[in-house]
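Examining the three-dimensional arrangement
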Amino acid sequence: MDWAIKSFARKSALTEQAFTPGDRIVCLIFKQADSPELGRADLLETEVDGFQAEGEVLGRWTRIVKDPGDEAQQTRETMASAEDFFFSLFEVEDPEAKEESDALKHLLALMLERKRVLRAQGARQTAGAQDYLHVKSKRVLSVPIVEISPALMLRIQDTIGEIIL
């Protein structure tokens with residue numbers, strides 16, 4: 001399934017109230033009822049219980065609305081955090097958390113590729129592993145290709161937090 005990652009909304013999907021700096025926002029990803037596409041709703045944390053998703057909620061994360069002047073700096077910091085987090089996943093391999101670790105590697109690699117931090121090497125793989133070149137360091141990393149199930153996404157959603165842009 002292809003899904004274009006949408007940017008954060010500026011107002012609530014439930015009440016259409018504009019978000020202000022300091023508001024705690026909950027972002028929900030859900031299956032749309034009559035469509036293969038995924039839906040997204042950004043809501044004030046206090047509105048989540050009142051929101052009825054069209055289908056099963058597949059994932060959620062929270063963020064705090066920043067001042068517009070801080071957004072560019074925040075984006076750079078988030079990208080650096082994602083990059084550091086991605087590399088840290090290759091430093092320590094925990095056999096008990098292999099599925100979650102592999103899923104995080106896969107998701108972060110896709111995001112970092114989209115941001116042109118990583119570049120896929122060779123033919124695009126659909127199973128096994130995909131090699132990625134880290135553009136700055138010229139380091140090549142083999143990233144496992146993982147089918148992200150709703151159950152797996154629920155297990156890793158707190159880990160990815162605001163890193164997935």
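Structure shown above.
First, a word on what this report is: a plain description of the structure on this page. Once a new chain begins, its residue numbering starts again from 1 and follows that chain's sequence as written. Reporting in this predicted model follows two pLDDT cut-offs: at least 70 for local features of residues, and 80 or more for side-chain atom pairs to be given and counted; totals over whole chains, interfaces and linings ignore these cut-offs and use all residues. The side-chain numbers reported here are obtained from all heavy atoms of the structure, hydrogens and water having been left aside.

1. Digging into the overall build of the protein
Our working definition: Going along the chain from the N terminus, every DSSP run of H or I of four or more residues is numbered as a helix, and every run of E of two or more is numbered as a strand. Burial classes follow relative accessibility: with a 1.4 Å probe on protein chains only, a residue under 20% of its type's maximum area counts as buried, one over 50% as exposed, and anything between as partly exposed. Each accessible area is a Shrake-Rupley estimate made with a 1.4 Å probe; only the visible protein chains count as cover when residues are assessed.
Assigned secondary structure in the protein consists of three helices and six strands. Counting from the amino terminus, helix and strand elements in the protein follow one another as β-β-β-α-α-β-β-β-α. Across the 165 residues that make up the protein, the buried fraction comes to 38%. For the protein, the accessible area works out to roughly 9,900 Å², and carbon and sulfur atoms hold 50% of it.

2. Let's talk about the sheet that holds strand E2 (residues 38-44)
In any sheet, the strands associate via hydrogen bonds between backbone groups, in a parallel or an antiparallel arrangement. Basically, it comes down to this: We treat two strands as partners when DSSP finds at least two bridges between them. To get an axis, fit a line to the C-alpha atoms, keeping to the stretch in contact for a helix; angles then go from 0 to 180 degrees between the N-to-C directions.
Ordered by their spatial adjacency, three strands build an open sheet running E2-E1-E3, and the pairing between neighbours is antiparallel. Strands with a single pairing partner mark the edges of an open sheet, and in this sheet they are E2 and strand E3 (57-64). For this sheet the average axis-to-axis angle between neighbouring strands, irrespective of direction, equals 20°. Relative to E2, strand E1 (residues 24-31) is paired through seven bridges, and the arrangement is antiparallel. Of the residues in E2, the one forming a bridge with Val26 is Leu43.

3. Considerations on the nonpolar core
To keep it simple, the criterion reads: Remark: nonpolar core denotes a set of buried residues (Ala, Val, Leu, Ile, Met, Phe, Trp, Tyr, Cys) joined through side-chain atoms within 4.5 Å. The contact rule is simple, with two residues in contact once any of their heavy atoms fall within 4.5 Å.
By size, the foremost hydrophobic cluster in this structure holds 20 residues, and its most contacted members are Phe86, Leu108, Ala109, Leu112, Leu118 and Ile156. Among the elements that line this core, the one with the most residues is helix H2 (residues 98-114), at seven residues. Those residues within four positions of Phe86 in sequence are excluded, and the remaining contacts are Lys105, Leu108, Ala109, Leu112, Leu118, Leu141 and Val143. Ile29, Leu38, Leu58 and Val65 belong to the second-largest nonpolar core, a separate cluster that totals nine residues.

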